[in-house]
Amino acid sequence: MRINLLSSFAAGILISTTICGIVYFSDDSAAQKVSAKSSGKVQLTSAQMKEKLEVEGFVVQTKDELEKTLQAAKSSETTPIETEEKEKSVTQVVVNVANGMTSVDVANVLIQAQLIPDDAFAFTMDIESRGLQKALRPGSFVVDSGMSYDQIIGTIFTN
């Protein structure tokens, strides 16, 4: 009796698997759903992609534009202007931030001007901890050696 019960169970599984296979392979609605999904994709043009990224706060430029702005920024990165105040001299530096520059690039400029300690990584981590990594905007900023660390960051990274 036990073998007959086991054979009946195996036959039932075989029949149900066969029926499920027939239904699966003969169903055309799945193919229609797949073709409907694939035809629903919209291909954006370059201009539309650029506009969408700019709306979200990204700076989009070609490789040639990036190279030109980086060359322009490197050629005029620091311009020290010496001014005398009472007994100590204050060095003013014009920091030119170009499109595509990061907080590491700004840190390197400030290190060259000797306005912050020689640790670009620590400066970058401080900027990230303050949540200012997206607050870097292109432009020219004047900072001097009389400013505190927080004042320098407040001048360059504007919200």
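Since the structure is predicted, the reported quantities are computational estimates derived from the model, not experimental observations.

Calculation notes
Residues numbered from 1 in each chain as written. Predicted model: local features only at pLDDT ≥ 70, side-chain atom pairs only at ≥ 80, totals over all residues. Heavy atoms only, no water. Helix = DSSP H or I, 4+ residues; strand = E, 2+ residues; numbered from the N terminus. Contact = heavy atoms within 4.5 Å. Areas by Shrake-Rupley, 256 points an atom, 1.4 Å probe, with all protein chains shown as cover. Salt bridge = Lys/Arg side-chain N within 4 Å of Asp/Glu carboxyl O. Buried < 20%, exposed > 50% of the residue type's maximum accessible area, 1.4 Å probe, protein only. Patch = residues over 30% accessible without salt bridge, like charges linked within 9 Å, V, L, I, M, F, W, Y side chains within 5 Å. Core = buried A, V, L, I, M, F, W, Y, C linked by side-chain atoms within 4.5 Å. Phe/Tyr/Trp six-rings, centres within 6.5 Å; stacked < 30°, edge-to-face > 60°.

Check the secondary structure of the protein chain and you find seven helices and three strands. Counting from the amino terminus, the protein chain carries its helices and strands in the arrangement α-α-α-α-β-β-α-α-β-α. Within the protein chain, contacts between residues at least 6 apart in sequence are counted, and of these 52% link residues at least 24 apart. Carbon and sulfur atoms make up 58% of the accessible area of the protein chain, which totals about 12,000 Å².

Further remarks concern the pattern of salt bridges. Applying the stated criterion to the full structure yields two salt bridges. Taking the shortest distance from any N to any O, the salt bridge between Asp-126 and Arg-130 comes out at 3.2 Å. One end of the pair, Asp-126, and the other, Arg-130, are both in helix H6 (residues 120–130), four residues apart, so they sit about a helical turn from each other. A residue is classified by how much of its surface remains accessible, and Arg-130, at 36% relative accessible area, is partly exposed. One salt bridge connects Arg-130 with Asp-150, and the closest N-O pair in it is separated by 2.6 Å.

The next point concerns a nonpolar patch on the surface. On the surface, Ile-15, Ile-19 and Val-23 cluster together into a nonpolar patch covering about 290 Å² of accessible area. By secondary structure assignment, the location of Val-23 is in helix H1 (residues 2–26). Overall, the relative accessible area of 52% leaves Val-23 in the exposed class.

Assignment of secondary structure puts Phe-121 in helix H6. For Phe-121, a relative accessible area of 59% corresponds to the exposed category.

To continue, consider the nonpolar core. By size, the foremost hydrophobic cluster in this structure holds 26 residues, and its most contacted members are Val-95, Val-97, Leu-110, Phe-123, Val-143, Ile-156 and Phe-157. Elements supplying a minimum of two residues to this core: strand E2 (88–97), helix H5 (103–112), H6, strand E3 (139–144) and helix H7 (149–156).

Once that is clear, we can look at the packing of aromatic side chains. Using the criterion set out here, one finds three aromatic pairs in the structure. Judged by centre distance (6.1 Å) and plane angle (90°), the ring pair of Phe-123 and Tyr-149 falls under edge-to-face. Note that Phe-123 is positioned in helix H6 and Tyr-149 in helix H7, a separation of 26 residues in sequence. Under the relative-accessibility criterion, Phe-123 is labelled buried at 2%. Given a relative accessible area of 29%, Tyr-149 falls into the partly exposed group. With a centroid separation of 6.2 Å and 50° between ring planes, the pair formed by Phe-123 and Phe-157 is classed as tilted. Separated by 34 residues along the polypeptide, Phe-123 in helix H6 and Phe-157 in the segment after H7 bring together distant segments of the chain. The residues Phe-123 and Phe-157 share a single accessibility class, namely buried. Through successive ring pairs, a cluster of aromatic residues spans Phe-123, Tyr-149 and Phe-157.

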